[in-house]
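Spelled out, the chains give:
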Amino acid sequence: MESVRTLGALDWFHVRKGESTKRMRISRWGLGLGLACTLLTTDALAQEPIPERLSLDEALEIARRNSPAYQRARNDESLADWNVRQAYGGLLPSASVGGQVSWQGPGEQQLGNLTTGDLGFTNQPSYYFSSYNLGVNYSLDWATIREPERARADRKTTRARIDVAATDLTAAVTSAYVDMLRQVELHRTAEQQLENSRINLRLAEGQLEVGTVTPIDVGQAEIQVGRSEVQVLQAANAVETARMRLLQRMGVRVHQPVEPVTRFTLYEPRWSLDSLRSLAVERNPDLRATRAAREAADLGVSAARSPYLPTLSISTGWGGFAREASDPDFLVSQARTRVASNIASCVRTNEIYSRLADPLPTTDCSQLAFTDDQRRAIIESNDQFPFGFQRSSPSISLGISIPIFQGLSRQRNLEAARVQRDDLVHEARELELALEADLRIALAEVRTAYESALLEERNRELAERQLTLARERYQVGAITFVELMDAQTVLSGAESDSIVAAFAYHDAVTALEALVGASLRD
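Residues numbered from 1 in each chain as written. Predicted model: local features only at pLDDT ≥ 70, side-chain atom pairs only at ≥ 80, totals over all residues. Heavy atoms only, no water.

Draft legend 1. Inspection of the side chain of Ser55 at higher detail. Mapped onto the secondary structure, Ser55 falls in the loop between strand 3 (53-54) and helix 2 (56-66). Excluding residues within four positions of it along the chain, Ser55 makes contact with Tyr177, Val261 and Thr262. (Helix = DSSP H or I, 4+ residues; strand = E, 2+ residues; numbered from the N terminus. Contact = heavy atoms within 4.5 Å.)

Listed below in structure tokens is the structure:
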């Protein structure tokens, strides 16, 4: 027989097929190379080291840090925190500041039905404009006042949902951990059965040498050894599958070796239904999440009434603007024209005053002449763009809005909020009823599983004594080899049933813990 190493850290096993053994070795090495290439080419996420000897507490802690589903649920808490901050921010006034820069080309501008040409302003140059504005607004209504409380209730609901995800993760990882322990024990039992089959084979060979049995007994013993080897191989594969499922639940790569070290003891369930019910009413995550959602829905009803109440608003603002002509000579020319027009008007007025029967005193028109100082002042005052702002007058306004009719939308939204609140009340009641029934059922299942495990352990002990007695009788020729194999088969089934019953008890306790929302194991 040739030994072949299988993938997945399985034990060595024997293959009785000659050349097929070489082909199987080649195919397994090829499969291993393919898996290695796949692991190297996949997205290599940074993984924390996993201890090879892994306790349940360590597995749960690693799962809380790495489980994608749990981390996705935890991400909602940061958004809920910001919703609370935003709700408090809604009680503060809003402020805005803005600015604008623009350019207007030369030519006539339209002012309503007239143009600048109609007003005597021709050949207008291009202009540069800049402005700024600062506004403060404050609006307050009933929904804004109640929004912080509502946001805190929503955050409480979010945290309760995170607790639901944490409880689900704990139950899933614990179940996977228990299943791996179960498969390890079944694998150990399969190896023990293989050893028992080899003992029977040696007994048959010894009896054949002394001539008390025929070669048929030896052949049957060899068949039994082969079947036991198959069972060991299948049990080893089940261990590997359970290991990978556990690592998957923990949110880490499944290629890492892990050995569970936490051992669960079989102890009598002494919990009372009343104590479990009290604990579950307080700790059950689904019920807590529904109650938190109902509290938020109550505040939602209050917020839905806000459209019936008045809204107070206050606003104020400041601003400034700057304007600059691209050609200051145009402004100077306009000023000269105005001064010349004033001088001409002054001369005409003096002439009229001089021709009166009683002449009036005249004005010195030379004082109206356009000077270089005026020209410089015009050029300097034009130099405003972009920050030579002229401040606009500030403004403030106070308003109150009282809604009267909005097309029945307020009534509809209020009724929708009430329906949502009532639905959550009924849902909480439904969960309470289901929780009480589930607790009774789960506690009964735990007690039944405990009694079953005790009975199966007693059956295993009896089957073990029966196998010992059968071997002694077979050695003295009192029974046939078939009867010996029957005794071993009974022991194999009794050991498997004992392991299954013991871990069924732990599965039932895990389910009960998920209902209660707390650990019940010492």
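There's plenty left to go through after this.
Draft legend 2. Looking closely at a nonpolar patch on the surface. Nonpolar side chains collect at one region of the surface, where Leu312, Ile314, Ile396, Leu398, Ile400 and Ile402 lie side by side and expose about 640 Å² of accessible area between them. At the level of elements, strand 9 (311-325) and strand 11 (395-401) are the ones that each hand at least two residues to the nonpolar patch. Top contributing element to the nonpolar patch by residue count: strand 11, with three residues. (Patch = residues over 30% accessible without salt bridge, like charges linked within 9 Å, V, L, I, M, F, W, Y side chains within 5 Å. Areas by Shrake-Rupley, 256 points an atom, 1.4 Å probe, with all protein chains shown as cover. Salt bridge = Lys/Arg side-chain N within 4 Å of Asp/Glu carboxyl O.)

Draft legend 3. Focus on the state of the cysteines. Considering all chains together, one arrives at one disulfide under this definition. Paired through a disulfide, Cys346 and Cys365 show a sulfur-sulfur distance of 2.1 Å. Handedness of the Cys346-Cys365 disulfide follows from its S-S torsion of about -90°: it is left-handed. In this pair, Cys346 sits in helix 8 (residues 328-354) while Cys365 sits in the loop between helix 8 and helix 9 (372-382), placing the two residues 19 residues apart along the sequence. Using a relative accessible area of 12% as the deciding quantity, one classes Cys365 as buried. (Disulfide = S-S within 2.5 Å. Buried < 20%, exposed > 50% of the residue type's maximum accessible area, 1.4 Å probe, protein only.)

Draft legend 4. Layout of the nonpolar core. Leu54, Val173, Tyr177, Leu246 and Met250 are the most contacted members of the largest nonpolar core, which has 28 residues in total. Of all the elements in the fold, those that place two or more residues in this core are helix 2, helix 3 (68-89), helix 4 (142-209), helix 5 (215-250) and helix 11 (481-516). Among the elements that make up this core, the one with the highest residue count is helix 4 (10 residues). Excluding anything up to four places from it in sequence, Tyr177 contacts Leu54, Ser55, Leu56, Ala59, Leu246, Pro260, Val261, Thr262 and Phe264. One finds Val225, Ile479, Ala487 and Leu491 within the second-largest nonpolar core, a separate group that totals 22 residues. (Core = buried A, V, L, I, M, F, W, Y, C linked by side-chain atoms within 4.5 Å.)

Draft legend 5. Local environment of the pattern of salt bridges. Enumeration according to the criterion identifies 27 salt bridges in this entry. Glu61 serves as the salt-bridge partner of Arg64, at 3.4 Å between the closest nitrogen and oxygen. In this pair, Arg64 and Glu61 are both assigned in helix 2, three residues apart and thus about one turn of the helix distant. What makes Arg64 partly exposed here is its relative accessible area of 30%. Because the salt bridges share partners, they merge into one network encompassing Glu77, Asp81, Arg155 and Arg159.

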